[in-house]
There are 2 protein chains.
Amino acid sequence: MAYRGTKYHGFQRQNNALTIQEVVEKALSRVLDTPTDIYGCSRTDAGVHANKFCFSFTTQRDIRCLNLIRGVNGHLPDDISILSCEEAQEDFHARFSCKAKEYAYLIHNSECKNPFAADLQYQYRRNMDIDLMKKAASHFVGTHDFKSFCSAHNEKQDTVRTIYNLDIEKRDDFVKVLVKGDGFLYNMVRIIVGTLLSVNEGKIDQAQIPEIMNASDRQFAGKTAQAHGLYLNRVFY
Amino acid sequence: MAYRGTKYHGFQRQNNALTIQEVVEKALSRVLDTPTDIYGCSRTDAGVHANKFCFSFTTQRDIRCLNLIRGVNGHLPDDISILSCEEAQEDFHARFSCKAKEYAYLIHNSECKNPFAADLQYQYRRNMDIDLMKKAASHFVGTHDFKSFCSAHNEKQDTVRTIYNLDIEKRDDFVKVLVKGDGFLYNMVRIIVGTLLSVNEGKIDQAQIPEIMNASDRQFAGKTAQAHGLYLNRVFY
């Protein structure tokens, strides 16, 4: 599915806040006529969007995929859309079967705001030195301990992850940071993007990034970039 | 300026509904510290958007363009954005000096809705025969009486207009109809797009379009396409 995360407190169900999971489960349960839990490929933070988010569920109902898509979409609000559906093997699980994920971070690099995407792109007014940012980005590629680049609220013991690629594309006023890896820690993409922007602003020297990594301390990295520029772009199985 | 028209009853000031003109005049008047009227290049319908809308105004204040842009944008909501500003000759008027206008109509041609653009693209589920629609489009290009292709509420006596080009581009699931002309009657672009869709659906034969034109009667043309797919794209002086 794709969703615009603006109005939601992330994917994962919470007791006291509206989440994508709750809304999708409600729609799916109506179509399948029985309470149905879904398993998402990832939590996403409040305000974060998804271009291709994958979830799995089991059902005894004999229903064609196309009818399921149409039925569920009919019960979903404008900001969530089921894009496709297929039957999987019984041991498939959207989260545990996931091999890699790709995130996109969208920046509108302009003096003037984009009236069509206030909640869909991070507006950044300063000049961007894309070549410098690419140099900085290259340090992240590979297998590293990303403890310096995750939130203090990270709950995972093992902070070693592999980033397969981290690309920065600029077209007119729009900059897209694309990062693919085997997994991501809490706020990791947003802190990496924030660090790339700190490099652009001369606050961090790109050559220092390996040292920051070795320090294993969040305080040396850049700020956490705002949630509304971030998209879960693809998931790989 | 660019604006997302979703929340507004068009550009032109009205007594009982929120319009772009009212909001921009309020912001501009605050920056210039005196009540200031603006003159728009065009009325737009409720829900219609603009990528590059031009307005003019006069002021005695000595203020740099960049400061004006920043100041006014600071007082505007997220869905309206001043993009540029320049000093014009005294006889310039955004509407009367206008030589040509270009509109874009955006169609999301998909079974599934786009959660990022529910109010920014018209969702159309049927297959589109772009070649057939291009044939239909070719009949509109040139100087014609467009009385069959304007709303009954059109107030203009002279219904002859020149369309310079009418192009249809498809990229993935997105179709853009681009039409440039010396001027447009009330609802003219939306009725032309609705007619192209009627041709696609086999309700109107593309070869009949010249006859429909000659009939000078709105009832023979297609439906009026919904407002939220339409953008005033550019204005030429």
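Calculation rules
Residues numbered from 1 in each chain as written. Chains lettered and ligands numbered in written order. Predicted model: local features only at pLDDT ≥ 70, side-chain atom pairs only at ≥ 80, totals over all residues. Heavy atoms only, no water. Helix = DSSP H or I, 4+ residues; strand = E, 2+ residues; numbered from the N terminus. Rg over C-alpha atoms; globule rule 2.2 N^0.38 Å. Buried < 20%, exposed > 50% of the residue type's maximum accessible area, 1.4 Å probe, protein only. Contact = heavy atoms within 4.5 Å. Areas by Shrake-Rupley, 256 points an atom, 1.4 Å probe, with all protein chains shown as cover. Lys, Arg positive; Asp, Glu negative; His and termini not counted. Charge placed at Lys NZ, Arg CZ, Asp CG, Glu CD. Least-squares fit on C-alpha atoms with pLDDT ≥ 70 in both. Buried area = accessible area lost by both parts, 1.4 Å probe. Salt bridge = Lys/Arg side-chain N within 4 Å of Asp/Glu carboxyl O. Polar contact = N/O pair within 3.5 Å; in protein donor to acceptor, adjacent residues only side chain to side chain. Phe/Tyr/Trp six-rings, centres within 6.5 Å; stacked < 30°, edge-to-face > 60°. Lys NZ or Arg CZ within 6 Å of the ring centre and 35° of its normal. Expected span 1.5 Å × (residues − 1). Pairing = 2+ DSSP bridges.

Participant: Explain the overall build of chain A to me, using residue names and the numbers behind them.
Facilitator: For chain A, the count of helices and strands is five helices and 11 strands. Against the globule reference of 18 Å for 237 residues, chain A gives a C-alpha radius of gyration of 19 Å, in line with a compact fold. Counting only C-alpha atoms and orienting by the principal axes, one finds that chain A spans roughly 60 × 40 × 30 Å. Counting only residues that meet the buried cut, chain A has 53% of its 237 residues in that class. In chain A, the share of contacts with a sequence separation of at least 24, taken over all contacts with a separation of at least 6, comes to 68%. Element-wise, carbon and sulfur atoms account for 44% of the exposed surface of chain A, whose accessible area totals about 12200 Å². Considering chain A, the positive charge centre built from 30 side chains and the negative charge centre built from 29 side chains are found 3 Å apart.

Participant: Can you break down the relation of the copies chain A and chain B residue by residue, with the values?
Facilitator: Laying chain A over chain B is done by rotating through 180 degrees and shifting 0.0 Å along the axis; what remains is an RMSD of 0.0 Å. Such a combination of turn and shift is consistent with a two-fold rotation axis. Both copies present the same face, since 100% of the interface residues in chain A are matched by interface residues at the equivalent positions in chain B.

Participant: Tell me what's going on with the environment of B:Gly222, and back it up with residues and numbers.
Facilitator: Residues and elements named next belong to chain B. Checked against the element boundaries, Gly222 lands in the loop between helix H5 (209-215) and strand E11 (230-236). As for Gly222 and Asn16, which are separated by 206 residues in sequence, their C-alpha atoms are 31 Å apart. Once residues within four sequence positions are removed from consideration, Gly222 is found in contact with Ile191, Gly194, Thr195, Ser198 and Ile204.

Participant: Please give an account of the interface of chain A and chain B that cites residues and values.
Facilitator: The parts lose accessible area when they come together, and the size of an interface is often stated as this lost area. Across the contact, 28 residues belong to chain A and 28 residues belong to chain B. Carbon and sulfur atoms make up 57% of the area that chain A and chain B hide from each other, which totals about 1900 Å². Summed over the three residues of chain A that lose the most area to chain B, namely A:Lys113, A:Pro115 and A:Phe116, the buried surface amounts to 38% of that side. At the junction of chain A with chain B, the criterion picks out two salt bridges. For B:Arg70, the salt bridge goes to A:Glu111, with nearest N and O atoms at 2.9 Å. Between the two partners, chain A and chain B, sit 10 residue pairs in polar contact (both at pLDDT 80 or more).

Participant: An account of the packing of aromatic side chains is requested, with residue identities and associated values reported.
Facilitator: All names here are of chain A. Considering all chains together, one arrives at 20 aromatic pairs over all chains under this definition. Both rings, one in Phe146 and one in Phe149, keep their centres 6.4 Å apart while their planes meet at 70 degrees; by these two values the pair is edge-to-face. Here the two residues Phe146 and Phe149 agree in accessibility, since each one is buried. Site record: aromatic cluster; members linked through ring pairs are Tyr3, Phe11 and Phe53. The cationic tip of Lys180 hangs over the ring face of Phe236; the distance from NZ or CZ to the ring centre is 3.9 Å.

Participant: Tell me about helix H4 (residues 188-200) of chain B, and please be specific about residues and values.
Facilitator: Residue and element names in this part refer to chain B. The first and last C-alpha atoms of H4 sit 18 Å apart over 13 residues, in line with the 18 Å expected at 1.5 Å per residue. Burial of H4 is extensive: 13 of the 13 residues sit out of reach of the surface. Residue Gly202 follows H4 closely and has a positive phi angle near 75 degrees.

Participant: Could you give an account of the pairing of strand E9 (residues 160-171) of chain A, with specific residues and numbers?
Facilitator: Residue and element names in this part refer to chain A. The pairing of strand E8 (residues 142-145) with E9 spans four bridges and is antiparallel. Looking at the pairing, His144 lines up with Arg161 of E9. In this structure, E9 lies alongside strand E10 (residues 174-181), joined through eight bridges in antiparallel fashion. Counterpart to Ile163 in the pairing with E10 is Gly181. What sits between E9 and E10 in their antiparallel hairpin is a turn of two residues, with Asp172 showing a positive phi close to 55 degrees.

Participant: Tell me about the environment of B:Asp145, residues and numbers included.
Facilitator: All names here are of chain B. Assignment of secondary structure puts Asp145 in strand E8 (residues 142-145). Residues Asp145 and Phe220, spaced 75 residues apart in sequence, show a C-alpha to C-alpha distance of 14 Å. Here Asp145 is in contact with Thr159, Val160, Met213 and Ser216, once residues within four sequence places are set aside.

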